[in-house]
Amino acid sequence: NGDGKNDTWDLLLNDQQKVTQVLIYDRWGNKVYAAKPTPDQEIISWDGKMQGKDIVPGVYIYFVAFTDDEGKLSFLSGDLTVMW
């Protein structure tokens, strides 16, 4: 909503878990966001937009793929709520 509080969904990156991909889907399974971080990137931020436009308020599902320091691939998922 532009007030400077919770305007983005942020994922902090670190050296112990290397994030390989971040995906966000709406409740119908449509991909609304995808990111593959660069090696020097420290944070992934999503502003609740798809193709430059605000998405519809609601619940969205995220998936994060990452490898640990031993190279084991793991996944993290959850939901986030967008309100304007």
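Keep in mind it's a predicted model, so treat the numbers as computed, not measured.

1. Structural notes on the nonpolar core
Counting residues in each nonpolar core, the largest one holds 18 residues, and the members touching the most others are Val19, Val22, Ile24, Tyr33, Ile44, Trp46 and Leu80. For this core, the elements supplying multiple residues, two or more each, are strand S1 (9–12), strand S2 (18–25), strand S3 (31–35), strand S4 (43–46), strand S7 (58–67) and strand S8 (73–82). Discounting residues that sit within four places of it in the chain, Val19 has contacts with Leu11, Leu13, Pro37, Ile44, Val64, Ala65 and Phe66.

2. Description of the pattern of salt bridges
Applying the stated criterion across every chain, the model contains one salt bridge. Note that Asp54 is salt-bridged to Lys49, the shortest N-O span being 2.5 Å. For Lys49, a relative accessible area of 31% corresponds to the partly exposed category.

3. Brief notes about the sheet that holds S8
Reading across the sheet, the four strands line up as S3-S2-S7-S8 and stay open at both edges, with antiparallel pairing between neighbours. Bordering the open sheet on either side are S3 and S8, each of which pairs with just one other strand. The sheet shows a mean angle of 15° between the axes of neighbouring strands, taken without regard to direction. Of the pairings in the sheet, the one linking S2 to S7 comprises seven bridges and is antiparallel in character. Each bridged residue has a counterpart across the sheet, and for Tyr25 the counterpart in S7 is Ile61.

4. With respect to the packing of aromatic side chains
Overall, the coordinates contain four aromatic pairs when judged by the stated rule. Both rings, one in Trp46 and one in Tyr60, keep their centres 6.1 Å apart while their planes meet at 65°; by these two values the pair is edge-to-face. Of this pair, Trp46 sits in strand S4 while Tyr60 sits in strand S7, and the two are 14 residues apart along the sequence. Tyr60 matches Trp46 in its accessibility class, with the two residues each being buried. Among the aromatic residues, those joined into a cluster by ring pairs are Tyr33, Trp46 and Tyr60.

5. Quick notes on the pairing of S8
Inspection of the sheet shows S7 paired to S8 by ten bridges, in the antiparallel sense. Paired with Val64 across the strands is Leu76, a residue of S8. Hairpin connection, S7 to S8: the antiparallel pair is bridged by five residues, and Gly71 has positive phi, about 90°.

What counts as what
Residues numbered from 1 in each chain as written. Predicted model: local features only at pLDDT ≥ 70, side-chain atom pairs only at ≥ 80, totals over all residues. Heavy atoms only, no water. Core = buried A, V, L, I, M, F, W, Y, C linked by side-chain atoms within 4.5 Å. Buried < 20%, exposed > 50% of the residue type's maximum accessible area, 1.4 Å probe, protein only. Helix = DSSP H or I, 4+ residues; strand = E, 2+ residues; numbered from the N terminus. Contact = heavy atoms within 4.5 Å. Salt bridge = Lys/Arg side-chain N within 4 Å of Asp/Glu carboxyl O. Pairing = 2+ DSSP bridges. Axes fitted to C-alpha atoms, helices over the stretch in contact; angles between N-to-C directions. Phe/Tyr/Trp six-rings, centres within 6.5 Å; stacked < 30°, edge-to-face > 60°.

Purely spatial values, then, with no claim about function.
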